[in-house]
Amino acid sequence: MIAIIYSIFWIIAAFILADRNWKPYYPTMLFASLGNALYELLCYNYQLWKLEPNGIQFSMIPIILLTLIGMPLSSWVYLSKYPFKKRAHTQAIYIALYTGIYILMEYLAIKGGSITYHHHWNLLWSILFVIVMFIIMRIHFKKPILALIFSAVFALFLCMVFNVTLSKMK
């Protein structure tokens, strides 16, 4: 159920906060969705975190909602309000704010049984992941190729730390 509530939250946030001109953000919205979809597909048999159905009849619904609503809309809201022309410390505070929002939502989802952790993943790793995710989304908006490189390096790092090997992937 939390997946439905969070999807509604991001729809409302997009209507209230996001720039009406969504087209410049669209490539990064797709990038964020694709990243989530790739994780769900490749790590299906060896998930570090798992979205649980938690009251929803089909287990794929939370994944679909996150991939098609949560990731693109939260990326749109995040980027449309990003302080691009402000100082680095203002940008860092903005990233920290969005990290806090994401981590609070994740913490509530954990407490509500909508997310479970596996293979030594924990909330501290999620914090690192979300910080890196928001930095890479910011980079992707201006320099997509560089963001793809950083994403690949970070994904390889996580695979090494958590022993996610090709044999464990779907």
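Just so you know, the residues in each chain are numbered from 1, in the order the chain's sequence is written. Side-chain atom pairs in this predicted model are given and counted only at pLDDT of 80 or more, local residue features only at pLDDT of at least 70, and totals for whole chains, interfaces and linings cover all residues. Hydrogens and waters are ignored; side-chain quantities use all the structure's heavy atoms.

Chemist: What is the right way to read the overall build of the protein chain from this model?
Modeler: In DSSP terms, a helix is any run of H or I states spanning at least four residues, a strand is any run of E spanning at least two, and both are numbered starting from the N terminus. Looking only at helices and strands, the protein chain features six helices and two strands. When the elements of the protein chain are put in sequence order from the N terminus, they spell out α-α-β-α-α-β-α-α. Here the C-alpha radius of gyration of the protein chain, 16 Å, is about what a compact globule of 170 residues would show, namely 15 Å. Taking the principal axes of the C-alpha coordinates as reference, the protein chain spans close to 45 × 35 × 25 Å. Counting over 170 residues, the protein chain shows a buried share of 41%. Put simply, the radius of gyration uses C-alpha atoms, and a globule should come to 2.2 Å times the residue count raised to 0.38. Here's how the labels work: a residue is buried when its accessible area is under 20% of the maximum for its type, exposed when over 50%, partly exposed in between, all with a 1.4 Å probe on protein chains only.

Chemist: What's the story with the layout of surface pockets in this structure? I'm lost.
Modeler: It is the rolling of a water-molecule-sized probe over the atoms that shows where space remains empty. Taken as a whole, the largest pocket encloses approximately 1400 Å³ of empty space. Taken together, 48 residues line the largest pocket, and the ones lying closest to its centre are G35, N36, Y39, W49 and F129. Broken down by secondary-structure element, the contributors of at least two residues to the lining of the largest pocket are α1 (2–17), α2 (26–42), β1 (49–51), α3 (60–80), α4 (88–111), α5 (123–142) and α6 (144–161). Only protein atoms enter the 1 Å grid, on which a cavity is a set of points fitting a 1.4 Å probe that cannot get out and a pocket is an open set with protein on both sides within 12 Å along at least 5 of 7 lines, lining residues being those with an atom within 4 Å of a point. Grid points are joined across faces, edges and corners, and a volume is the space filled by probe spheres set on the points.

Chemist: Looking at this model, I keep getting lost on the environment of Q91. Mind explaining?
Modeler: Tracing the backbone shows Q91 in helix α4. Given the relative accessible area of 16%, Q91 is considered buried. Residues Q91 and I135, spaced 44 residues apart in sequence, show a C-alpha to C-alpha distance of 9.8 Å.

Chemist: Looking at this structure, how should I read the nonpolar core?
Modeler: In a soluble, globular protein the nonpolar side chains are often hidden away together inside. For our purposes a nonpolar core is just a set of buried Ala, Val, Leu, Ile, Met, Phe, Trp, Tyr and Cys residues, chained together by side-chain atoms within 4.5 Å. Ranked by size, the top nonpolar core spans 45 residues in total, and within it L48, Y78 and F134 carry the most contacts. Leaving out residues up to four positions away in the same chain, L48 has contacts with Y39, T116, Y117, H118, H119, W121, F162 and V164. By the convention used here, residues are in contact when the closest approach between their heavy atoms is within 4.5 Å.

Chemist: I would appreciate a short explanation of unusual backbone geometry in the present structure.
Modeler: Outside of glycine, negative phi angles account for most residues, and trans bonds account for most peptide bonds. The phi dihedral of H120 falls on the positive side, at around 75°, and the residue is not glycine. When you line up the elements, H120 lands in the loop between β2 (115–117) and α5. For H120, a relative accessible area of 73% puts it in the exposed group. With phi around 55°, N163 is a residue other than glycine that occupies positive phi space. If you trace the backbone, N163 turns up in the segment after α6.

Chemist: Which parts of the structure should I look at to understand α5?
Modeler: Given 3.6 residues per turn, any residue in an α-helix points the same way as the ones three and four places further on. When the terminal C-alpha atoms of α5 are compared, their 29 Å separation across 20 residues agrees well with the 28 Å that a helix rising 1.5 Å per residue should span. Lining the buried residues of α5 we find α2, α3, α4, β2 and α6. Its side-chain oxygen at 2.9 Å from the backbone nitrogen of L124, N122 defines the N-terminal cap of α5. Any helix carries an expected span of 1.5 Å times its number of residues minus one. Residues adjacent in sequence count toward polar contacts only when both atoms are side-chain atoms; beyond that, a polar contact is any pair of N or O atoms within 3.5 Å, and within protein one must be able to donate a hydrogen and the other to accept it.

Chemist: Honestly, the state of the cysteines in this entry has me stumped. Any pointers?
Modeler: Disulfide: a covalent bond connecting the sulfur atoms of a pair of cysteines. By definition, disulfides here are pairs of cysteine sulfur atoms that lie within 2.5 Å. Within this structure, the stated rule accounts for zero disulfides. Cysteine C43 shares no disulfide, and the gap to the nearest cysteine sulfur, in C159, comes to 6.1 Å. Taking the relative accessible area as the measure of exposure, C159 reaches 22% and is therefore partly exposed.

Chemist: Just to check I follow, could you spell out the packing of α4 against α5 for this structure?
Modeler: Two quantities define a packed helix pair, namely the angle between the axes and the distance from one axis to the other. Lines fitted to C-alpha atoms define the axes, with helix axes restricted to the stretch in contact, and inter-axis angles between N-to-C directions lie between 0 and 180 degrees. Axis separation between α4 and α5 bottoms out at 9 Å; the angle between their running directions is 135°. Comparing the axis directions of α4 and α5 gives the class oblique. In this structure, α4 meets α5 at a crossing whose hand is right-handed. Here Q91, I95, Y98, T99, Y102, I103, E106, Y107 and I110 of α4 lie close against α5, whose contacting residues are L123, S126, I127, V130, I131, M133, F134, I135 and R138. Throughout, the ten residues Ala, Val, Leu, Ile, Met, Phe, Trp, Tyr, Cys and Pro are labelled nonpolar, Asp, Glu, Lys and Arg are labelled charged, and all others, Gly among them, are labelled polar. Across the contact of α4 with α5, the residue classes break down as 13 nonpolar, three polar and two charged. Throughout, the term roughly parallel applies to angles under 35 degrees, roughly antiparallel to angles over 145, roughly perpendicular to angles from 65 to 115, and oblique to all others. Take the far helix as the reference: if the near one is turned anticlockwise from it by less than a right angle, the crossing is left-handed, and if turned clockwise, right-handed.

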